[in-house]
Amino acid sequence: MSQATEISLEALASRAERAGQGAPPVELWNPPDCGAMDLRIDREGHWIHEGQPIHREALVRLFSTILRREPDGRFCLVTPVEKLGITVEDAPFLAVEMSAGMRDGVPILSFRTNVGDLVEAGPEHPLRFAADAEGFRPYLLVRGGLEARLTRPLAYDLAGLAEERDGRLGIRSGGSFFDLPDASDHA
């Protein structure tokens, strides 16, 4: 068994700052759009303001709690009084740890994100896979249209958990089966 799947759920939760806590209700806030700010989340999950990486992890985690995806696909930082657009190159978060376990005979995959969320894959937090000539990239819905891309090591660990069901390969978690793309999906 790989290192990532050997992590206990308790160990994962101890490192997830917001385990069991919700983010602010940004979906309920409707402030005026104040334009955009020079803030970018790159493909590797680095938050960059005016060309400089934000090194204060606490600030990144704070910003992550007020991030929202708009119906048109834009990403914004939202407070009760203002909304500022930002750029996200891929997914705003990274899934950096995974725990594979069982609950009542049902496989459960839990993930910790780089910003302190603890998310259990299932019907409310589905896995999806983007496929191209280089293979597949797994993503996990965290909240409100915001996804975490699994790091490459976790993607390999996840692929190792694939099983066949009705002639398709997929991943089971939380009572859901998430189909993996096959070669014809990205040929």
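Here is what the cut-offs are and how they apply
- Residues numbered from 1 in each chain as written.
- Predicted model: local features only at pLDDT ≥ 70, side-chain atom pairs only at ≥ 80, totals over all residues.
- Heavy atoms only, no water.
- Pairing = 2+ DSSP bridges.
- Helix = DSSP H or I, 4+ residues; strand = E, 2+ residues; numbered from the N terminus.
- Axes fitted to C-alpha atoms, helices over the stretch in contact; angles between N-to-C directions.
- Phe/Tyr/Trp six-rings, centres within 6.5 Å; stacked < 30°, edge-to-face > 60°.
- Buried < 20%, exposed > 50% of the residue type's maximum accessible area, 1.4 Å probe, protein only.
- Lys NZ or Arg CZ within 6 Å of the ring centre and 35° of its normal.
- Contact = heavy atoms within 4.5 Å.

Asks: How should the sheet that holds strand β13 (residues 163-165) be read in this particular structure?
Replies: Hydrogen bonds along the backbone pair up the strands of a sheet, which may run parallel or antiparallel. One open sheet holds the three strands; their spatial order is β13-β14-β15, and the pairing between them is antiparallel. Of all strands in the sheet, those bounded by a partner on one side alone are β13 and β15 (176-179). This sheet shows a mean twist of 55° between the axes of neighbouring strands, independent of strand direction. Pairing between β13 and strand β14 (residues 168-173): three bridges, direction antiparallel. Of the residues in β14, the one forming a bridge with Arg-165 is Arg-168.

Asks: For this particular structure, what's the right way to read the packing of aromatic side chains?
Replies: Here a ring pair, both rings aromatic, is described through the centre-centre distance and the interplanar angle of the planes. Evaluation of the coordinates by the stated rule reveals one aromatic pair. Centre to centre, the rings of Trp-47 and Phe-63 are 6.4 Å apart; their planes meet at 20°, and the pair counts as stacked. Highlighted residues: Trp-47 in strand β2 (residues 47-49) and Phe-63 in helix α2 (residues 57-65), separated in sequence by 16 residues. Judged by its relative accessible area of 3%, Trp-47 falls in the buried class. Overall, Phe-63 belongs to the buried group, its relative accessible area being 19%. The positively charged end of Arg-128 is found above the aromatic ring belonging to Tyr-139, 4.3 Å away from the centroid.

Asks: Any chance you could explain the environment of Leu-150 here in plain terms?
Replies: By the element assignment, Leu-150 lies in strand β12 (residues 146-150). When residues no more than four places from it in sequence are discounted, the contact partners of Leu-150 are Ala-95, Phe-111, Leu-127, Pro-138, Tyr-139, Leu-140, Ala-155 and Leu-158.

Asks: Before we go on, may I ask you to explain the sheet that holds strand β4 (residues 67-69) in this structure?
Replies: Across the sheet, which stays open at both edges, the six strands sit in the order β3-β2-β1-β6-β5-β4 with mixed pairing between neighbours. Of all the strands in the sheet, just β3 (52-53) and β4 have a single pairing partner and so form its edges. Note: β2 against β3, two bridges, orientation antiparallel. Bridge assignment links His-49 to a residue of β3, and that residue is Gln-52.

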